[in-house]
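Letter by letter, the chains look like this.
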Amino acid sequence: MRIRTAEFIQSATRPSEYPRGNFPEVAFAGKSNVGKSSLINALLNRKNLAKTSSSPGRTQSINFFRVNGKISFVDLPGYGYACVPLALRRAWKPMVESYLQIRKELRLVVVILDARREVSPEDMDLMDWLDHHRIPFLLVLTKADKLSSLDRARKRRSLQENPPFAGTEVLFFSALTGEGKAELWKKIEEALGPQE
């Protein structure tokens, strides 16, 4: 997709604060240190639209971005980072689940994992929850430039041979090199359907 405009719309912590309009949405979810903001910025050809931080856990609200005036990217707060206060970690679940359950504009959730790390129990819980609620999701492994071809093949095989991921497509992505960007956009466009 050719990016003409990409802008921050607003932040929300509850449904009454969600932006109005009938724009199809793609949500991005993952642990606090997987490179979620970097992935969003790379997709949108922007450096600092989604705020990155050296301190994981900074995104503590749901952030909405409008792309080309037609679709929305939704940056969900990261989960599972121990340095975030317990009260905020407990607030993550109802805030995010509420968005995922009631937002009729949602077309796809991009679940982001660090390619160098093992799948965590929190990652598994999220994917099980999405699967249970029949919300389509795509698995994207960031920081792919840190892995050799052999390590990638092993990682893909270990995921796809694990029953919860059987048949799940796995994309490798690098915000540094741009690898996987075209493939991810293709999957997003397929999920969004025809755009006027």
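Scoring rules and cut-offs
- Residues numbered from 1 in each chain as written.
- Predicted model: local features only at pLDDT ≥ 70, side-chain atom pairs only at ≥ 80, totals over all residues.
- Heavy atoms only, no water.
- Helix = DSSP H or I, 4+ residues; strand = E, 2+ residues; numbered from the N terminus.
- Expected span 1.5 Å × (residues − 1).
- Buried < 20%, exposed > 50% of the residue type's maximum accessible area, 1.4 Å probe, protein only.
- Arc of directions from axis to C-beta.
- Pairing = 2+ DSSP bridges.
- Axes fitted to C-alpha atoms, helices over the stretch in contact; angles between N-to-C directions.
- Contact = heavy atoms within 4.5 Å.

Here we take up helix α4 (residues 149-160). Spanning 12 residues, α4 covers 16 Å between terminal C-alpha atoms, matching the ideal 16 Å at 1.5 Å per step. Residues R152, K155 and L159 constitute the buried set of α4. Within α4, the buried residues cover an arc of 65° as seen down the axis, which keeps them to one side.

Looking now at the sheet that holds strand β2 (residues 25-30). Sheet strands pair by backbone hydrogen bonding; their relative direction is either parallel or antiparallel. Sheet architecture is open: 7 strands sit in the order β1-β3-β4-β2-β5-β6-β7, paired in mixed fashion. Each edge of the open sheet carries a strand with a single partner, namely β1 (6-12) and β7 (170-172). Taking the axes of each pair of neighbouring strands and ignoring which way they run, one obtains an average angle of 25° across the sheet. Of the pairings in the sheet, the one linking strand β6 (residues 137-142) to β7 comprises 3 bridges and is parallel in character. Bridging across to β7, L141 finds its partner in F172. Packing of helix α1 (residues 36-43) onto the sheet brings it into contact with β2, β4 (71-75), β5 (106-114) and β6, and relative to β2 it is tilted by some 150°. Against the sheet, α4 engages β5, β6 and β7, with an angle of about 155° to β7.

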